[in-house]
Amino acid sequence: MHKKFLLKGYTIPELTFKNLHPTELPIWPLMFITVACGAISGFHATQSPMMARCLKTEKDGRKVFYGAMIAEGVIALIWAAAVAFYESTGGLQAALTHMGGQSGVVYDITFGLLGPIGGVLAIVGVVACPITSGDTAFRSARLTLADWFKIDQKDIKKRLAISIPLLGIGGILSQVDFNIIWRYFSWSNQTLAMMALWAAAVYLVKQKSTHLIATIPATFMSAVSCTYLLCAEEGFKLSMSIAYPVGVIFAVVCLIIFFITTRKYTVKQ
């Protein structure tokens, strides 16, 4: 472990374009699954049922959702830079083992770079973000189910009827190894982002707007999600020689289906 509070004695590593990704792991598609919310987030798409009730006009959605994703990307870049605290990916992996997981590493990085006061503020942020995210996730899940089954949510009894089972499922899942949960969450997060992008692309076509802003990332994320599911340890464990081409084919098929489905909106009546 690093010496306590290295703020004054720590030297920031030089900027490098060297690939620090572990050699035993394929950079595609793992990188795009690992960064999860920092790149593109299906989890944020789940907030739509709640945010739709708060926005006055559709135009406000651009500021709210674009702003949230930009802020999320900045946070991801900050943590990516913080990993340089250990100077290499191997150093980070060793630290995770030596310090008993992510919490020890977060403590080491934040106090080492920011000192006692900055470290405490960073730790508070690290604790607060998951709590608020979990709260928002359960709330949006409740609202989604309520909309789906047309259950009015003004009555607290009806709220509890949905909330209690959801919290129960969450409690059961919390007993599973977090590393495994995070892998499934990361994949499902990006897969949900893929679905949300395809839905947005169809909506833009219906509105006779430029759909490429959604179609291009939707196609890309289709390849990412499919490839990861095929090759991951928690997936089908297929070789990369199979996963790569099948992932690309899946993305192309999704794009073709999109054009066939939306053709009726583009053909002049």
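Quick caveat, the model's predicted, so the values are computed rather than measured. (Residues numbered from 1 in each chain as written. Predicted model: local features only at pLDDT ≥ 70, side-chain atom pairs only at ≥ 80, totals over all residues. Heavy atoms only, no water.)

Q: How should I be thinking about unusual backbone geometry in this particular structure?
A: Leaving glycine aside, a negative phi is the common case for residues, and trans is the common case for peptide bonds. Look at the link from Trp28 to Pro29: it is a cis peptide, with omega at 5°. Checked against the element boundaries, Pro29 lands in helix 1 (residues 27–34). In this structure, Lys208 is a non-glycine residue whose phi angle is positive, near 55°. Relative to the helices and strands, Lys208 resides in the loop between helix 8 (178–206) and helix 9 (212–231). We note that Lys237 has phi near 60°; this positive angle belongs to a residue other than glycine. Given the relative accessible area of 53%, Lys237 is considered exposed. (Helix = DSSP H or I, 4+ residues; strand = E, 2+ residues; numbered from the N terminus. Buried < 20%, exposed > 50% of the residue type's maximum accessible area, 1.4 Å probe, protein only.)

Q: Would you mind going over a nonpolar patch on the surface with me for this structure?
A: A cluster of nonpolar residues, Tyr66, Ile70, Val74, Ile78 and Ile213, forms a patch on the protein surface that exposes about 520 Å² of accessible area. Considering every element that reaches the nonpolar patch, the biggest residue donor is helix 4 (residues 60–82), with 4 residues. Looking at the secondary structure, you find Tyr66 in helix 4. For Tyr66, a relative accessible area of 45% corresponds to the partly exposed category. (Patch = residues over 30% accessible without salt bridge, like charges linked within 9 Å, V, L, I, M, F, W, Y side chains within 5 Å. Areas by Shrake-Rupley, 256 points an atom, 1.4 Å probe, with all protein chains shown as cover. Salt bridge = Lys/Arg side-chain N within 4 Å of Asp/Glu carboxyl O.)

Q: Help me understand the nonpolar core, please; the structure alone is not making it clear to me.
A: The nonpolar side chains of soluble globular proteins are, as a tendency, buried together. Among the nonpolar cores identified, the biggest contains 18 residues, and Ile40, Leu197, Trp198, Ala214, Met221, Tyr228 and Phe258 are the most heavily contacted of them. If one sorts the elements of this core by residue count, helix 8 sits on top with 7 residues. With 8 residues, the next largest nonpolar core counts Tyr86, Ala95, Met99 and Ile109 among its residues. (Core = buried A, V, L, I, M, F, W, Y, C linked by side-chain atoms within 4.5 Å.)

Q: How should I be thinking about the side chain of Ser140 in this particular structure?
A: Assignment of secondary structure puts Ser140 in helix 6 (residues 102–149). Among the polar contacts made by the side chain of Ser140, one reaches the main-chain carbonyl oxygen of Ala137 at a distance of 2.9 Å. (Polar contact = N/O pair within 3.5 Å; in protein donor to acceptor, adjacent residues only side chain to side chain.)

Q: How should I be thinking about helix 7 (residues 156–173) in this particular structure?
A: Helical periodicity: at 3.6 residues per turn, an α-helix aligns residues three or four positions apart in one direction. Its 18 residues place the ends of helix 7 25 Å apart at the C-alpha level, agreeing with the 26 Å of an ideal helix rising 1.5 Å per residue. Among all positions of helix 7, only Ile162, Ser163 and Leu166 are buried. Looking at the buried positions of helix 7, the neighbouring elements they touch are helix 6. Where helix 7 begins, the side chain of Asp155 points an oxygen toward the backbone nitrogen of Lys157, at a separation of 3.1 Å. (Expected span 1.5 Å × (residues − 1). Contact = heavy atoms within 4.5 Å.)

Q: Sorry, what's going on with the side chain of Thr219 here?
A: By the secondary structure assignment, Thr219 is in helix 9. Judged by relative accessible area, Thr219 falls into the buried class, the value being 19%. Polar contacts involving the side chain of Thr219 include one to the main-chain carbonyl oxygen of Thr215, which spans 2.9 Å. Every residue in contact with Thr219, bar those within four places of it in the chain, is listed here: Trp198, Ala251 and Leu255.

Q: I tried to follow the packing of aromatic side chains on my own but got confused; where do I start?
A: In this description, an aromatic ring pair is defined by two values, namely the gap between the centres and the angle between the planes. Under the counting rule described, the total for this entry stands at 7 aromatic pairs. Between Phe258 and Phe259 the ring centres are 5.3 Å apart and the planes differ by 65°, which places this aromatic pair in the edge-to-face class. Taking the relative accessible area as the measure of exposure, Phe259 reaches 43% and is therefore partly exposed. By way of ring pairs, the aromatic residues Trp28, Phe32 and Phe220 are connected into one cluster. (Phe/Tyr/Trp six-rings, centres within 6.5 Å; stacked < 30°, edge-to-face > 60°.)

Q: Before we go on, may I ask you to explain the environment of Leu212 in this structure?
A: Assignment of secondary structure puts Leu212 in helix 9. Taking the C-alpha atoms as reference, Leu212 lies 7.4 Å from Ala201; in sequence the two are 11 residues apart.

No statement about biological role is implied by the geometric values presented.
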